[in-house]
Amino acid sequence: MSPHSTSVFIPDAPLVKRTRLDDASTSATSPPSPADSAVAFQTSRERPQPLRLSATAIAAAVSAPPTHGFFAQSRQADQDVAVRCEVRTRIPSAYGGEHHVLLYSNDQDGQEHLALVWGYGTELVRGRSDGPRLLSASLEAAHSADETLDDRLVRGCHIPSVPSQDVPPAIAANEADPVLARIHSCCFTGETLGSLRCDCQEQLHAAMQQMATAGRGVIVYLAQEGRGIGLRNKLRAYNLIDRRRLDTLDANLQLGLPADARSYSVAAAILRDLGVDRVALLTNNPEKIAALAADSRIAVQSRIAMTPASWEDKDHGSRIDDRDGYLIAKAKRMGHMIDVPNSVLDGVAAASSV
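The shown structure was predicted, so the numbers you read here are calculated from the model rather than taken from an experiment. (Residues numbered from 1 in each chain as written. Predicted model: local features only at pLDDT ≥ 70, side-chain atom pairs only at ≥ 80, totals over all residues. Heavy atoms only, no water.)

Caption draft 1: Region of interest: the pairing of strand β4 (residues 179–185). Burial of β4 is extensive: 7 of the 7 residues sit out of reach of the surface. With burial as the criterion, each face of β4 is covered, one bearing Val 179, Ala 181, Ile 183 and Ser 185 and the other bearing Leu 180, Arg 182 and His 184. Relative to strand β5 (residues 217–222), β4 runs parallel, the two sharing 5 bridges. Residue pairing across strands places Ser 185 opposite Leu 222, the latter belonging to β5. (Buried < 20%, exposed > 50% of the residue type's maximum accessible area, 1.4 Å probe, protein only. Helix = DSSP H or I, 4+ residues; strand = E, 2+ residues; numbered from the N terminus. Pairing = 2+ DSSP bridges.)

Caption draft 2: Spatial organisation of the pattern of salt bridges. As enumerated under the stated definition, the model contains 15 salt bridges in all. One salt bridge connects Arg 84 with Glu 86, and the closest N-O pair in it is separated by 3.1 Å. Overall, Glu 86 belongs to the partly exposed group, its relative accessible area being 26%. Here Arg 278 ties to Asp 277 by a salt bridge, and the two come within 2.8 Å at their closest N and O atoms. By the burial criterion, Arg 278 is buried, and Asp 277 matches it. (Salt bridge = Lys/Arg side-chain N within 4 Å of Asp/Glu carboxyl O.)

Caption draft 3: Spotlight on the nonpolar core. The biggest cluster of nonpolar side chains holds 34 residues, and the ones touching the most others in it are Tyr 104, Val 218, Ile 270, Leu 274 and Leu 292. Put simply, the parts of the chain that give this core at least two residues each are β1 (83–92), β2 (98–106), β3 (113–118), β4, β5, α9 (265–273), β6 (278–282) and α10 (286–293). At 6 residues, α9 tops the list of elements feeding residues into this core. Counting 17 residues, the second largest nonpolar core, distinct from the first, contains Ala 207, Tyr 221, Leu 282 and Ile 304. (Core = buried A, V, L, I, M, F, W, Y, C linked by side-chain atoms within 4.5 Å.)

Caption draft 4: Geometry of the packing of aromatic side chains. If you walk through the whole model with that rule in mind, you get 0 aromatic pairs. Residue placement shows Arg 197 over the ring face of Tyr 238; its charged tip is 4.2 Å from the ring centre. (Phe/Tyr/Trp six-rings, centres within 6.5 Å; stacked < 30°, edge-to-face > 60°. Lys NZ or Arg CZ within 6 Å of the ring centre and 35° of its normal.)

Caption draft 5: Spotlight on helix α6 (residues 200–214). Look at α6: 21 Å from first C-alpha to last across 15 residues, which is about the 21 Å you get at 1.5 Å a residue. Within α6, the full set of buried residues consists of Cys 200, Gln 201, Glu 202, Gln 203, Leu 204, His 205, Ala 206, Ala 207, Met 208, Gln 210, Met 211 and Ala 212. One or two residues past the end of α6 sits Gly 215, with phi positive at roughly 80°. (Expected span 1.5 Å × (residues − 1).)

Caption draft 6: Main features of the environment of His 205. By the secondary structure assignment, His 205 is in helix α6. For the pair His 205 and Glu 191, spaced 14 residues apart in the sequence, the C-alpha separation amounts to 9.1 Å. Polar side-chain contacts of His 205 include one of 3.4 Å to the side chain of Tyr 95. (Polar contact = N/O pair within 3.5 Å; in protein donor to acceptor, adjacent residues only side chain to side chain.)

Caption draft 7: Examining the state of the cysteines more closely. The final tally for this structure, using the stated rule, is 0 disulfides. Free of any disulfide, Cys 186 has its nearest cysteine sulfur in Cys 187, 7.6 Å distant. Here Cys 200 stays unpaired: no disulfide links it, and the sulfur of Cys 198, its closest cysteine neighbor, is 3.5 Å away. The exposure class of Cys 200 is buried, given its relative accessible area of 14%. (Disulfide = S-S within 2.5 Å.)

Structure (structure tokens):
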């Protein structure tokens, strides 16, 4: 893939300054202004009723001072990482049509990460090759000296035999639209258990629905549970939220952990492996934008905001739940570009006065 100069176009909000671990500065930066544009997608799944209310913890998220200076410092320094796609297969989707899942290994964290790809060559399975393609260079390359055709079939390669040269960039230079993309960290409690402590499930479902509808898109699904602190520590943090009435950021810090321990260098490497050099990024998190923008080989050409689906209900302010406290903490303290509705703020104020 040819080098691509960094290009960031975010008309509605500035980026949060990224601070490397070795930066002695501890000054906090001003939070980005709320995004003006928003894209919300309701899932077809009926939303469960709130399980319980932590009014004090929710109110604390509104009044606590912003700390994204520390948040930025707590991030791991990004670095180049080697990834390899180990297998690719077709997934018929409940959201319509089908997509492919690609499983990646890497030399940074020992975890298995995924890329979910809609379109861009999925039609090749049906014998058609029209339109731009996304091919994993590492999947198509030989994985061993004595690789057989059956090995490549089981691995899910597009190309039956080992290509004689490197797989070229998948997106043609004259392709007008950037790749619709999302970088998403796994959340067992939200996506599997349906927890209302976070909005992870509805964000994932919204991205999948939009890409299925568009017929194109890539979700890089990272094994970074609990913003990178792991499931065990995430559950420990939940107890601090409940018993010491902390928000999600302070709970991590009280455990001696970073507010956000994630790295997006694996995500950037996966996108590069797929031949993606420019994206329209589905995100509210300025750290994800900054991480990709720091890679001169990937251009973030636009950001598409993700409005919490629960906040689309104009009467939601009368039914405040744990997820609202989490979202307010992300908006007020961690610099996420989320416009908190007045109805939610009013609902938090009413709940905290009880």
